[in-house]
Amino acid sequence: MTLSFAVPTPDAIPLAIVTPDTLGALVETLPSGSQAWVQTQGFTAALGQLCTLPNETGDIARVLVGFGNEDARARGRFPLASAAQKLPEGTYYIESGLTPDALRENALGWLLACYRFDRYRTQPQPAARLVAPDGIDAQQIETIAAGEALTRDLINTPASDMGPAQLEDAARALAKTHKAEITVTTGEALLDQNFPMIHAVGRASPRAPRLIDMRWGQVGPMLTLVGKGVCFDTGGLNIKPGGSMGLMKKDMGGAATALGLADMIMRSGLPLRLRVLIPAVENSINGDAMRPQDILTSRKGLTVEINNTDAEGRLVLADALALADEETPDLVISMATLTGAARVALGPDLAPYFTDDDNHATRLAQAGQRVADPVWRLPFHTPYEARIEPGIADLDNAPSGGMAGAITAALFLRRFVTAPYMHFDIYGWQPTAAPARPKGGVGMGARAILDALPEILDL
Ligand code: BES
Ligand code: ZN
Ligand code: ZN
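Since the model is a prediction, treat every value here as computed from it, not as a measurement. (Residues numbered from 1 in each chain as written. Chains lettered and ligands numbered in written order. Predicted model: local features only at pLDDT ≥ 70, side-chain atom pairs only at ≥ 80, totals over all residues. Heavy atoms only, no water.)

> Provide a residue-level description of helix H11 (residues 253–268), including the pertinent values.
Taking 1.5 Å per residue, 16 residues should reach 22 Å; H11 reaches 22 Å between its end C-alpha atoms and fits that length. Counting buried residues along H11, 14 of its 16 residues qualify, which places the element largely inside the surrounding structure. Remark: Gly 269 follows H11 within two positions and exhibits a positive phi of approximately 65°. (Helix = DSSP H or I, 4+ residues; strand = E, 2+ residues; numbered from the N terminus. Expected span 1.5 Å × (residues − 1). Buried < 20%, exposed > 50% of the residue type's maximum accessible area, 1.4 Å probe, protein only.)

Okay, here's the thing in C-alpha cells:
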C-alpha cells in the first residue's frame, strides 16, 4: 500500500499540539464555550489524549492533541502516531510548535500509523491523513514509509501466498520499478552453481529453493545486503512445537527488511552500488529432508555438521555471504530472524546488531536515535568460536547447550565473510500494537542503516 501525505485542502483540520506546560496559555486563546469544553473533557494534554473542538455546524473545527511531557515522550517513539490512529477519517495539518526533529519523526510516525495490511480485507480501513508539514523533506519521509510498507506487506503475507517463488516475484517487481538487474538460481541449478546449503535446506519443500541476486547503481562504494528468506520455518525434522511455529511466516523478515531498505536506497538515489542477495527457501519436511548429523560442504568449502535442522537460517545465509564475499564489497550487511536468543535478549523493539568496527557501531547507534529506529550492539565474542567447532566437521550449526545463541550464530556467519561486515538478528514482528507499529510484520534497523550509510560509506 502507498503511504503518502495528503494534498492540502481548504477544509483541512488544524491540530494544536499541546503539552501540560502550554495548555493554560492555549486555553486562554479559546472562546469561553470551548474553554469549558476542554475542562469538561478532562483534557490535560497527556500524551496521546485528544480533544476535538466543534464549529457552529457540528464539524470538527480544530483538535487539541496531547503531547505529554518529556518523560512521557521518552517512554516511546512517534508521540503523535496514537492521535493519527484515533482521529476520524479526514485531512489534518499540524499548526506549529514542534521542532524540526520532532516534526520529522512525527510526520513519519503518522504515515506509518496509516499502514493497513488490507490484502485480505473486503472492507477498506480508513485513515486520518496528514498534510506534509512545512520545513521537512516530505519526499524523503514518503520514501522511508514506502520501504517500510513493503517490508510489512511481505512479512504479513501468509506463507501460502509468500513462498520462495512469490518472494522472487516481489524482488523482480522491485527491480523493475528501479531498473535494477536481477538473476535467480532455482532448484537443482543451485547445486550446479555451488550453493549446496541453500539447496539442502530448501529441497524438502515442493516449492523450490532459490537464490535471488539483484544489482543496482553504477558508481560509488559497494554495499551488499543479504536477507534470510525462509518463507516458512517448520524447523525441519527437528520440528518446532506448535507454539514456536505459529509465527514462522515471518522467517523471511530479514529478506523483507533488506528489500525494504533496498527500496529506500534506490528511491533516494544514493550514490552507491547495491547488491541484494536473498536465499529464498521453505524449511520443510519430507523423505529427502536434511537430517541431524548430516554434514554439508558449503560454497566456501567449509564443512558443517547439522546438529539441528531448525538452525537453517545460518546455512542459507552462509552460502549467500560466501558469494557476496567473492567480490570486494565495501560493506556486507546481513539481516535475519536468526535466533530466538536475540529476541530473548532484546525483545521486539530493539534491533540487535554485530560489527567488529567500533566506528560503524557508533555511527549506527547514533543514526538509530535520530530516526527512531533503536539498535543495540551485541559482541562478535571471538572466545566463543570454539563453541561452533564440533568434532568431525569444520563447523556446528547448533552448538549444544544453547548458551549465547545469538552470538554463536553471528560467529558462524562471520566465518564466511572477509569484507567489512555487519549482521542484524531481528525479530521482524510487532507482537502488540504500538504507535506507528500495528501488530504484525515490522522492519527493524533499516532506517538506522539508511541514515548511517552516508557516514559509514563516505557518500
Ligand atoms: N527462525 C528461527 C529463529 C527465531 C525463532 C526467530 C523465534 C525469531 C523468533 C531459527 O531458524 C531457529 O529456529 N533458530 C534456533 C537455532 C537453534 C536450534 C540453534 C533457535 O534460535 O532456537
Ligand atoms: Zn529454524
Ligand atoms: Zn528460521
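Now, onward.
> Can you tell me about the pattern of salt bridges, naming the residues and giving the values?
Side chains carrying opposite charge are able to pair once their charged atoms draw close together. Inspection of every chain in the model, using the stated rule, returns 26 salt bridges. Taking the shortest distance from any N to any O, the salt bridge between Asp 101 and Arg 104 comes out at 3.1 Å. Of this pair, Asp 101 and Arg 104 both sit in helix H5 (residues 100–113), separated by 3 residues, roughly a single helical turn. Judged by its relative accessible area of 53%, Asp 101 is exposed. (Salt bridge = Lys/Arg side-chain N within 4 Å of Asp/Glu carboxyl O.)

> I'd like a description of the coordination of the zinc ion (ligand 3), backed by residues and values.
For the zinc ion (ligand 3), the full set of protein donor atoms is Lys 228 (NZ), Asp 233 (OD), Asp 251 (OD) and Glu 312 (OE), at a range of 2.0 to 2.4 Å. For the zinc ion (ligand 3), the 6 donor atoms are set out with angles of 77 to 174° between them, so the coordination reads as octahedral. On the primary sequence, the residues serving as donors to the zinc ion (ligand 3) are separated as K-x4-D-x17-D-x60-E. Between the zinc ion (ligand 3) and the zinc ion (ligand 2), the interatomic distance is 3.2 Å, and Asp 233 donates to each metal, bridging them. (Donors = N, O, S within 2.8 Å, 3.2 Å for Na, K, Ca; no water. Tetrahedral: all angles 85-135°; square planar, octahedral: opposite > 155°, others 65-115°.)

> So what about the nonpolar core? Which residues, and what values?
Membership of the largest hydrophobic core comes to 93 residues, with the highest contact counts inside it found for Leu 15, Leu 223, Ile 265, Leu 274 and Phe 424. Counting residues per element, this core draws most heavily on H11, which supplies 9 residues. In terms of domain composition, this core takes at least three residues from each of domain 1 (13–136) and domain 2 (142–456). Formed by 43 residues, the second largest nonpolar core is a distinct cluster that contains Ala 200, Val 316, Phe 354 and Ala 409. (Core = buried A, V, L, I, M, F, W, Y, C linked by side-chain atoms within 4.5 Å. Domains from an automatic or database assignment.)

> How would you sum up the coordination of the zinc ion (ligand 2)? Please name residues and give values.
Here the zinc ion (ligand 2) is held by the protein donor atoms Asp 233 (OD), Asp 310 (O), Asp 310 (OD) and Glu 312 (OE), which lie 2.0 to 2.2 Å from it. With 6 donor atoms in place around the zinc ion (ligand 2) and angles of 71 to 168° between them, the coordination shape is irregular. Sequence positions of the residues that donate to the zinc ion (ligand 2) give the spacing D-x76-D-x1-E. On the basis of relative accessible area, Asp 233 is assigned to the buried category, the value being 2%. Judged by relative accessible area, which is 22%, Asp 310 ranks as partly exposed.

> Please set out the domain arrangement of the protein residue by residue, giving values where relevant.
For the protein, the assigned domains are domain 1 (13–136) and domain 2 (142–456). The C-alpha centroid of domain 2 is placed 37 Å from the C-alpha centroid of domain 1. Listed per partner, the contact involves 15 residues of domain 1 and 21 residues of domain 2. Overall, the association of domain 1 and domain 2 removes approximately 1600 Å² of surface from exposure, summing both partners, and the carbon and sulfur fraction of that is 61%. (Contact = heavy atoms within 4.5 Å. Buried area = accessible area lost by both parts, 1.4 Å probe.)

> Account for the site of ligand 1, naming residues and giving values.
Around ligand 1, the structure places 17 residues, and the nearest of them are Lys 240, Asp 251, Asp 310, Glu 312 and Gly 340. Backbone polar atom of Thr 337 to a nitrogen atom of ligand 1: 3.4 Å apart, as the coordinates give it. Across the shell around ligand 1, the residue classes break down as 5 nonpolar, 4 polar and 8 charged. (Near = heavy atom within 4 Å. Polar contact = N/O pair within 3.5 Å; in protein donor to acceptor, adjacent residues only side chain to side chain. Nonpolar A, V, L, I, M, F, W, Y, C, P; charged D, E, K, R; others polar.)

> Let's hear about the environment of Glu 326: which residues, and what values?
Tracing the backbone through its elements, the reader meets Glu 326 in the loop between helix H12 (313–324) and strand E13 (331–336). Owing to a relative accessible area of 51%, Glu 326 belongs among the exposed residues under this scheme. Remark: the alpha-carbon pair of Glu 326 and Gly 109, spanning 217 residues in sequence, is separated by 39 Å. Here the side chain of Glu 326 touches Arg 299 through a polar contact of 2.7 Å, side chain to side chain.

> I'd like a rundown of the packing of helix H14 (residues 358–370) against helix H16 (residues 446–456), residues and numbers included.
Here H14 crosses H16 at 135°, and the two axes come no closer than 8 Å. With respect to H16, the element H14 is oriented oblique. Here the hand of the crossing between H14 and H16 comes out right-handed. For the pair formed by H14 and H16, the contact residues are His 360, Arg 363, Leu 364, Ala 367, Gly 368 and Arg 370 on the first element and Ala 448, Ile 449, Asp 451, Ala 452, Glu 455 and Ile 456 on the second. Split into classes, the residues belonging to the contact of H14 with H16 amount to 6 nonpolar, 2 polar and 4 charged. (Axes fitted to C-alpha atoms, helices over the stretch in contact; angles between N-to-C directions. Parallel < 35°, antiparallel > 145°, perpendicular 65-115°, else oblique. Left-handed = near helix turned anticlockwise from the far one by under 90°.)

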